[in-house]
Amino acid sequence: MSLEQQLTERLMSLNPIHLEVINESAGHGGYFPGKESHFKVVVVSPIFDGLRLVQRHQKVYALAADLMSPARIHALAIHAYVPQEWQGQAPDSPDCAHAPKH
């Protein structure tokens with residue numbers, strides 16, 4: 001099972017009303033087809049109600065803990081919302097300084 005699939009499966013335990021797990025590895029240095037190192041997660045869940053942003057991130061990191069390491073998931077951008085905050089779109093990720101130059 002791919003890292004993307006594993007991460008998606010774990011985040012489903014948050015009972016999201018919206019979940020996106022996006023492999024952004026292609027925009028980073030050392031990329032090769034099939035690489036899974038950089039991900040962006042957009043998760044909207046009522047479980048986050050009443051939690052500060054850092055607490056929401058802690059919940060996501062706790063679910064992904066054993067997937068996080070330099071040899072596995074190197075970077076994880078988290079956009080965690082309660083349903084009332086969700087506007088239908090998360091911010092774009094910044095360009096990586098080590099991204100391949102075209």
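Residues numbered from 1 in each chain as written. Predicted model: local features only at pLDDT ≥ 70, side-chain atom pairs only at ≥ 80, totals over all residues. Heavy atoms only, no water.

Just so we agree on the cut-off: UniProt positions are given in the numbering used here, feature names are shortened, and annotations may be inferred rather than shown by experiment.
An unreviewed UniProt entry annotates the chain as BolA family transcriptional regulator originating from Acinetobacter soli NIPH 2899. The heading Sequence similarities (unreviewed entry) in the UniProt record of the chain holds the text "Belongs to the BolA/IbaG family."

### A few points about helix α2 (residues 53-64)
The periodicity of an α-helix, 3.6 residues per turn, causes residues three or four places apart in sequence to face the same way. Put simply, the rule reads: Numbering of helices and strands runs from the N terminus, with a helix taken as a DSSP run of H or I at least four residues long and a strand as a DSSP run of E at least two residues long. An expected span of 1.5 Å times one less than the residue number is assigned to each helix. Throughout this description, buried means an accessible area under 20% of the type-specific maximum (1.4 Å probe, protein chains only), exposed means over 50%, and partly exposed covers the range between. Regarding the arc, it is the one traced by the directions from the helix axis to the C-beta atoms. Any two residues whose heavy atoms approach within 4.5 Å are treated as being in contact.
In a regular helix each residue adds 1.5 Å, so twelve residues correspond to 16 Å; α2 covers 17 Å between its end C-alpha atoms and thus fits that length. Turning to α2, its buried residues number three or more, namely R56, V60 and A64. Each buried residue of α2 sits inside an arc of 75° when the element is viewed along its axis, so together they form one side. Considering only its buried residues, α2 is in contact with α1 (3-11), β2 (38-44) and β3 (75-81).

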